[in-house]
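# An overview of the molecular structure
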Amino acid sequence: MALKSWRELPTGCVVFEPGSASEYHTGSWRSQRPVWNNSKCIKCGICYVYCPEGCVQQTEDGFFQADMDYCKGCGICAHECWPRAISMVEEG
Amino acid sequence: MGKRIGMEVAMAVAEAVGLCNIDMAAVYPITPQSHIAEHLSDLVANGEIDAEFVTVESEHSAMSAVIGASGTGARSYTATSSQGLMYMHELLPIASAMRLPITMAIANRAVSGPLNILNDHSDIMPQRDSGWISIFVENGQEAIDMSIIAFKIAEHKEVMLPVNINIDGFQLTHMVEPFEMPSQEEVNQFLPPFVPHATLHPAKPVTMGAFAMSDYFAEIMKAKNEALKNSKKVIVDVWNEWAKMFGRAYKPVETYMADDAEILMLTMGSMGETAQMAIDELRAKGVKAGLVKLRLWRPFPFEEIKDAVKNAKKLIVTDRAISFGGPGGPVFSEIKSALYAEAQRPLIYDYIYGLGGRDVPVGDFIGMFERVLADTANKLVDTYEFWGVRE
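Remember, it's a predicted structure, so these values are computed and weren't measured experimentally.

Turning our eyes to something else, we now look at the sheet that holds strand β9 (residues 253-256) of chain B. All names here are of chain B. Across the sheet, 6 strands lie side by side as β9-β11-β10-β13-β14-β15; this open sheet has mixed pairing. Each of the sheet's edge strands pairs with one partner strand only, and the pair in question is β9 and β15 (384-386). Averaged over all adjacent pairs, the angle separating strand axes in this sheet is 20 degrees, with direction ignored. Summarising the sheet, strand β10 (residues 263-267) and strand β13 (residues 314-319) pair through 4 bridges and their orientation is parallel. Paired with Ile263 across the two strands is Lys314, which belongs to β13. Sheet contacts for helix α9 (residues 271-284): β9, β10 and β11 (289-294); angle to β11, the most-contacted strand, approximately 165 degrees. The sheet strands contacting helix α11 (residues 330-339) are β10, β11, β13 and β14 (347-352), and the helix crosses β13 at an angle near 145 degrees.

Written out as structure tokens, the structure is:
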């Protein structure tokens, strides 16, 4: 999406399109990503509950994964995961 | 027709706001603004005006409440002073960035410390760069007129910016003055209904005050600056419209006996009236003295200032606040920068005076003129002094 000039901004920068924040992929901020070891995961869902971005989802087989478009790599899921099934791995 | 009345200025300001069909007010009382808060809440409580008066617990909440209300499309009003304004500070640039046409009266009072409740301009000066339109008034009539006019300026579709009206605390707010109060019919005719640029409503969701990073922040700042600069044309148009309707004319920069003056003084706010008496006395003695009154502080009227002082040899700027460790008073540094590139400009002097409510009688203004006239070696040019301070 081409960036707008100052003249093209709506008055007061009001956003008229509901839900358009989803177009902003905050995952670009990430320096580490969470990696799940499903052999240790007990499917308790604490990662899902604690994710401040709401980007952890449950898959059909009951395990969890993060949407990398939005995961900022904060590591809260790994910190909270008491079976230690999540490790934070440096991004390339 | 309006009617001639005598009333305390702060109460009259509340009366004038009461004529403006406001939807809400959130005002936290603070000396010397309290009579605006009290009287406006009386008008609401007595059912004289159909508005919501939100009794907030602080000025931070007052400004937050008017920002939220204005976002819903409500005509919103607040008033404060000194520490209250300082407490609002972090919200002021948000109101202007969101382009919310809030109107606020400031009963100017010295900022602590030490604690002082009396008048100077040290509360408004730190808010200078908040992106608000900032107007100074000289007497009670102007305070009433601007309280009504401000809504029309703020809500103009090419402006959509908050406005603060600076009314010297005590010197103006607590004076009982005679003035002409416009009638409800006249105000209705002058002030159209508020048409917001967007409103918060569940039927049509919008986001106001969204996040912006380095890819957009500079563009947003430029858009805000252009909006504030461009508002001057609308301000002048609305003042002219007021003059046609009510016969009282206002300009960004006003002058008194300035056309042939060799030495000028510049004032803001209520000091203009005392300085004017000093000019009369000096003229009677044969001194070609004149006065420049700066009414519009933001957007700064560069062209009008250049024009007003272009023929003078000396210009005495007066400041009722100080930029500590800086170039003197904030008005002084602004005027110097406005005139810097002019081929022909007066020698500029600065007096910092009337701090914390210290009285400045006519003789003091004459004293400033005499001191500057005696400076034939130009030793005091481009410097500032605290007038009347004990050494």
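A separate point is the nonpolar core. Counting residues in each nonpolar core, the largest one holds 58 residues, and the members touching the most others are Ile22(B), Leu40(B), Tyr77(B), Ile133(B), Ile149(B), Ile153(B) and Trp239(B). For this core, the element with the highest residue contribution is helix α6 (residues 140-155) of chain B, accounting for 9 residues. Once you skip the residues sitting within four places of it in the chain, Ile149(B) turns out to touch Phe190(B), Val238(B), Trp239(B), Trp242(B) and Tyr250(B). Grouped together as the second largest cluster of nonpolar side chains are 50 residues, Val14(A), Met24(B), Ile106(B) and Met125(B) included.

All right, on to the confidence of the model for chain B then. Residues at a pLDDT of 70 or more form 100% of chain B, whose mean pLDDT is 97. The ipTM, which scores confidence in the relative placement of chains, is 0.89 for this predicted complex, and the corresponding pTM is 0.93.

On to unusual backbone geometry. Residues and elements named next belong to chain B. Of note, the amide linkage connecting Thr31 to Pro32 takes the cis form, showing an omega dihedral of 0 degrees. For the bond running from Ser112 to Gly113, omega is 5 degrees, close enough to zero to count as cis. Tracing the backbone through its elements, the reader meets Gly113 in the loop between β5 (103-108) and β6 (133-136). Even without a glycine there, the phi angle at Asn21 is positive, about 50 degrees. Within the secondary structure, Asn21 is located in the loop between α1 (9-18) and β2 (24-26). At Asp382, a residue that is not glycine, the phi angle is positive and equals roughly 65 degrees.

With that settled, the discussion passes to the pattern of salt bridges. In the structure shown here, the tally under the stated rule is 26 salt bridges over all chains. Among the ionic contacts, a cluster of salt bridges with common partners joins Arg128(B), Asp129(B), Arg298(B) and Glu334(B).

Facing 15 residues of chain A, the contacting portion of chain B comprises 20 residues. With both chains or domains summed, chain A and chain B bury close to 1,500 Å², and 74% of this area falls on carbon and sulfur atoms. The tally of links from chain A across to chain B stands at 2 residue pairs in polar contact (both at pLDDT 80 or more). Grouping the amino acids of the side of chain A that touches chain B by side-chain chemistry returns 11 nonpolar, 3 polar and 1 charged.

This paragraph deals with the packing of aromatic side chains. One pass over the full model with this rule turns up 13 aromatic pairs over all chains. When the ring of Trp29(A) is compared with that of Phe211(B), the centres are 6.4 Å apart and the planes differ by 40 degrees; the resulting orientation is tilted. A residue pair is termed interchain when its members come from two chains, as with Trp29(A) in the segment before β1 (32-36) and Phe211(B) in the loop between α7 (184-190) and α8 (217-246). Given a relative accessible area of 41%, Trp29(A) falls into the partly exposed group. Residue class for Phe211(B) comes out exposed when judged on its relative accessible area of 53%. Pairwise contacts between aromatic rings join Tyr24(A), Trp29(A) and Phe211(B) into one cluster. Lying across the ring of Phe63(A), Lys43(A) places its NZ or CZ 4.5 Å from the centre. Here the guanidinium or amino end of Lys152(B) rests over the ring plane of Phe190(B), the centre of that ring lying 4.5 Å away.

Quick look at the sheet that holds strand β4 (residues 76-80) of chain B now. All names here are of chain B. Read across the open sheet, the 7 strands follow the order β3-β2-β4-β5-β7-β6-β12; overall the sheet is mixed. On the outer flanks of this sheet lie β3 (52-54) and β12 (296-298), each paired with one strand and no other. Here the average twist between neighbouring strands, direction ignored, is 20 degrees. Relative to β5, β4 runs parallel, the two sharing 4 bridges.

A few words now on the side chain of Glu142(B). Inspection of the secondary structure assignment puts Glu142(B) in helix α6. Among residues more than four places away in sequence, those in contact with Glu142(B) are Val137(B), Tyr250(B) and Arg295(B).

How each quantity is defined
- Residues numbered from 1 in each chain as written.
- Chains lettered and ligands numbered in written order.
- Predicted model: local features only at pLDDT ≥ 70, side-chain atom pairs only at ≥ 80, totals over all residues.
- Heavy atoms only, no water.
- Pairing = 2+ DSSP bridges.
- Helix = DSSP H or I, 4+ residues; strand = E, 2+ residues; numbered from the N terminus.
- Axes fitted to C-alpha atoms, helices over the stretch in contact; angles between N-to-C directions.
- Contact = heavy atoms within 4.5 Å.
- Core = buried A, V, L, I, M, F, W, Y, C linked by side-chain atoms within 4.5 Å.
- Buried < 20%, exposed > 50% of the residue type's maximum accessible area, 1.4 Å probe, protein only.
- pLDDT = per-residue confidence, 0-100.
- Salt bridge = Lys/Arg side-chain N within 4 Å of Asp/Glu carboxyl O.
- Buried area = accessible area lost by both parts, 1.4 Å probe.
- Polar contact = N/O pair within 3.5 Å; in protein donor to acceptor, adjacent residues only side chain to side chain.
- Nonpolar A, V, L, I, M, F, W, Y, C, P; charged D, E, K, R; others polar.
- Phe/Tyr/Trp six-rings, centres within 6.5 Å; stacked < 30°, edge-to-face > 60°.
- Lys NZ or Arg CZ within 6 Å of the ring centre and 35° of its normal.

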